[in-house]
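# Commentary on secondary and tertiary structure
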Amino acid sequence: MSIATVFEIVLAAVVLGLAIWTIAVPETYSATVGFVAYGLLVALIWVRLDAVDVALTEAAIGGGLGGVLLLGAAARLRNADPTAVETPCKLVRLCAAALSSLIAAALVAAILLLPDPAPTLAPAAVAKAWATGLANPVTNVLMAFRAMDTMLEKVVLLLAIVGVWSLASDPAWGGRPGPRHEADPHGVLAFLARLLPSVGIVVGIYIFWTGADHPGGAFQGGAILASMWLLVVMAGLTDTPPVSSRRLRFILVAGPGLFLVVGIGGLCLGPAFLAYPLALAKPLILGIEVAMILTIAATLGLLLAGAPERSEQR
Amino acid sequence: MSLARDMMTIVAVSAGAFFFLAGTVGLLRFPNTLTRLHALTKADNLGLGLVVLGLLPQAGSLRGGLKLISIWLLGLLAGATVSQLIARTARQGGPAP
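Residues numbered from 1 in each chain as written. Chains lettered and ligands numbered in written order. Predicted model: local features only at pLDDT ≥ 70, side-chain atom pairs only at ≥ 80, totals over all residues. Heavy atoms only, no water.

## Quick notes on the UniProt feature "domain: MrpA C-terminal/MbhD" (unreviewed entry) in chain A
- UniProt tags residues 14-78 of chain A as "domain: MrpA C-terminal/MbhD" (unreviewed entry).
- Strand forms 0% of residues 14-78 of chain A and helix 91%; the C-alpha atoms that close the span are 28 Å apart. (UniProt positions renumbered as here; feature names shortened; annotations may be inferred. Helix = DSSP H or I, 4+ residues; strand = E, 2+ residues; numbered from the N terminus.)

Structure, rendered in structure tokens:
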């Protein structure tokens with residue numbers, strides 16, 4: 001047994017143990033910290049599986065932004081009345097346990113019954129990589145071969161932000177999301193919020209740009225840009241924009257909008273919806289990705305900022 | 001030459017792993033928040049620094065080496081900021097230290 005195999009077995013065991021601990025631990029705060037560590041370890045597993053694109057996304061979303069979201073939820077729950085928590089009756093708990101076991105058994109059966117070798121389109125995707133001029137097969141699949149899925153995914157992001165905003169109370173509608181953060185303007189957090197974005201913005205754009213040929217892309221880069229913006233907001237250096245702002249809404253629809261325009265252009269001028277002309281494939285994909293990284297950064301940041309809480313006229 | 005590089009990697013990464021181990025033991029065993037932070041920053045700064053130093057001869061290119069060093073610098077910045085914030089919260093009578 002090689003060192004790599006031992007490492008993989010230990011990693012899988014730690015992830016399983018951490019997952020059980022995250023469910024079993026009673027405090028929400030500890031469970032959140034466990035979940036963040038779990039996300040980072042799962043990212044390591046993806047690296048071991050040579051799926052670096054997925055690992056980057058898992059680390060950025062599962063470990064990073066998802067962790068911030070859960071920490072915020074845990075902080076709100078801490079202020080809630082703990083006695084209000086009601087325990088469901090025995091029958092309900094028994095049914096839940098039976099249902100969970102059934103789902104686990106079905107998943108195990110599905111994994112054990114997978115055909116070997118698994119059916120794959122990977123060789124076809126690699127063979128056609130020349131058509132777009134991009135060397136990263138994941139970007140090729142996301143932006144060209146299955147561009148429809150990516151476009152709809154961006155529409156889902158838009159629906160998610162509409163869902164979060166619709167939680168606003170009537171007087172706060174159109175106002176600024178989240179509380180106004182106050183921090184010492186000469187403190188450590190403000191210092192970090194001034195220093196780190198200059199590095200983070202470069203790293204975010206680099207990850208986006210290198211996604212054409214290496215692991216990376218608009219989603220991972222957008223997540224980094226969103227976290228930089230959130231850091232500046234949390235340090236109190238700037239405020240969240242009011243959700244009624246036209247410029248903000250334009251950025252939110254820019255990605256899926258441009259995607260749709262290019263798609264319909266393919267339908268009118270070319271053979272099919274989202275068919276890129278061969279000579280223009282790379283510039284078109286890059287253009288869509290530039291619009292998408294802005295949309296993704298704004299959407300992820302606003303999803304974490306929460307529902308509008310303060311009306312604009314105070 | 002390759003042997004010397006590998007030796008340096010083994011020595012530096014082992015030393016880094018030792019600091020991570022010592023930092024983790026300190027995190028679990030020390031009595032209060034400030035001393036636990038002290039233990040943790042040793043793992044972050046020295047441990048990560050030594051691991052990066054050990055990996056530098058294996059980086060293969062200048063670009064790879066610079067990326068490794070910037071990871072260490074970003075780790076230093078994040079570690080220093082977060083431990084300051086935690087220490088301040090602990091002193092201002094947040095959760096009992």
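Okay, back to it.
## Observations regarding the UniProt feature "transmembrane region" (unreviewed entry) in chain B
- With numbering aligned to this structure, UniProt lists the feature "transmembrane region" (unreviewed entry) at residues 68-87 of chain B.
- For residues 68-87 of chain B, the helix share is 100%, the strand share is 0%, and the end-to-end C-alpha distance is 28 Å.

## Focus on the interface of chain B and chain A
- Taken together, the contact pairs eight residues of chain B with seven residues of chain A.
- Taking both partners together, chain B and chain A bury about 670 Å²; carbon and sulfur atoms supply 81% of that area.
- At the surface where chain B touches chain A, the tally comes to zero salt bridges.
- In the side of chain B that touches chain A, the residues fall into three nonpolar, two polar and three charged. (Contact = heavy atoms within 4.5 Å. Buried area = accessible area lost by both parts, 1.4 Å probe. Salt bridge = Lys/Arg side-chain N within 4 Å of Asp/Glu carboxyl O. Nonpolar A, V, L, I, M, F, W, Y, C, P; charged D, E, K, R; others polar.)

## Details of unusual backbone geometry
Residues and elements named next belong to chain A.
- Of note, the bond from Asp116 into Pro117 is cis; its omega dihedral lies within 30 degrees of zero at 0°.
- Structurally, Pro117 can be placed in the loop between α4 (90-112) and α5 (122-127).
- Notably, Asp50 is not glycine yet its phi reads approximately 65°, a positive angle.
- Looking at the element boundaries, Asp50 is found in the loop between α2 (28-48) and α3 (52-79).
- Taking the relative accessible area as the measure of exposure, Asp50 reaches 69% and is therefore exposed.
- Within the chain, Leu274 stands out as a residue other than glycine whose phi angle is a positive 70°.
- Position of Leu274 relative to the elements: it lies in the loop between α10 (246-269) and α11 (281-305). (Buried < 20%, exposed > 50% of the residue type's maximum accessible area, 1.4 Å probe, protein only.)

## Description of the state of the cysteines
Residues and elements named next belong to chain A.
- Enumeration according to the criterion identifies zero disulfides over all chains in this entry.
- Looking at Cys89, it has no disulfide partner, and the nearest cysteine sulfur is the one in Cys95, 8.3 Å off.
- Given the relative accessible area of 46%, Cys89 is considered partly exposed. (Disulfide = S-S within 2.5 Å.)

## Overview of the nonpolar core
Residue and element names in this part refer to chain A.
- In terms of nonpolar packing, the biggest core is built from 27 residues, with Phe259, Tyr276, Ile288 and Met292 touching the most fellow members.
- Within the residue set of this core, elements represented by two or more residues are α3, α6 (137-145), α7 (147-165), α9 (218-234), α10 and α11.
- Here this core takes eight residues from α11, the largest share from any one element.
- Every residue in contact with Ile288, bar those within four places of it in the chain, is listed here: Met143, Leu258, Phe259, Val262 and Tyr276.
- Counting eight residues, the second-largest nonpolar core is a separate cluster that includes Ile161, Trp165, Leu252 and Ala298. (Core = buried A, V, L, I, M, F, W, Y, C linked by side-chain atoms within 4.5 Å.)

## A look at the side chain of Thr81(B)
- As for its placement among the helices and strands, Thr81(B) is situated in helix α3 (residues 62-91).
- Apart from the residues within four sequence positions on either side, Thr81(B) is in contact with Val188(A) and Leu192(A).

## Re the packing of aromatic side chains
Residues and elements named next belong to chain B.
- Per the stated rule, a full pass over the model turns up two aromatic pairs over all chains.
- Look at Phe18 and Phe19: their rings are 5.9 Å apart centre to centre, the planes differ by 70°, and that puts the pair in the edge-to-face class.
- Assessed through its relative accessible area of 53%, Phe18 is described here as exposed. (Phe/Tyr/Trp six-rings, centres within 6.5 Å; stacked < 30°, edge-to-face > 60°.)

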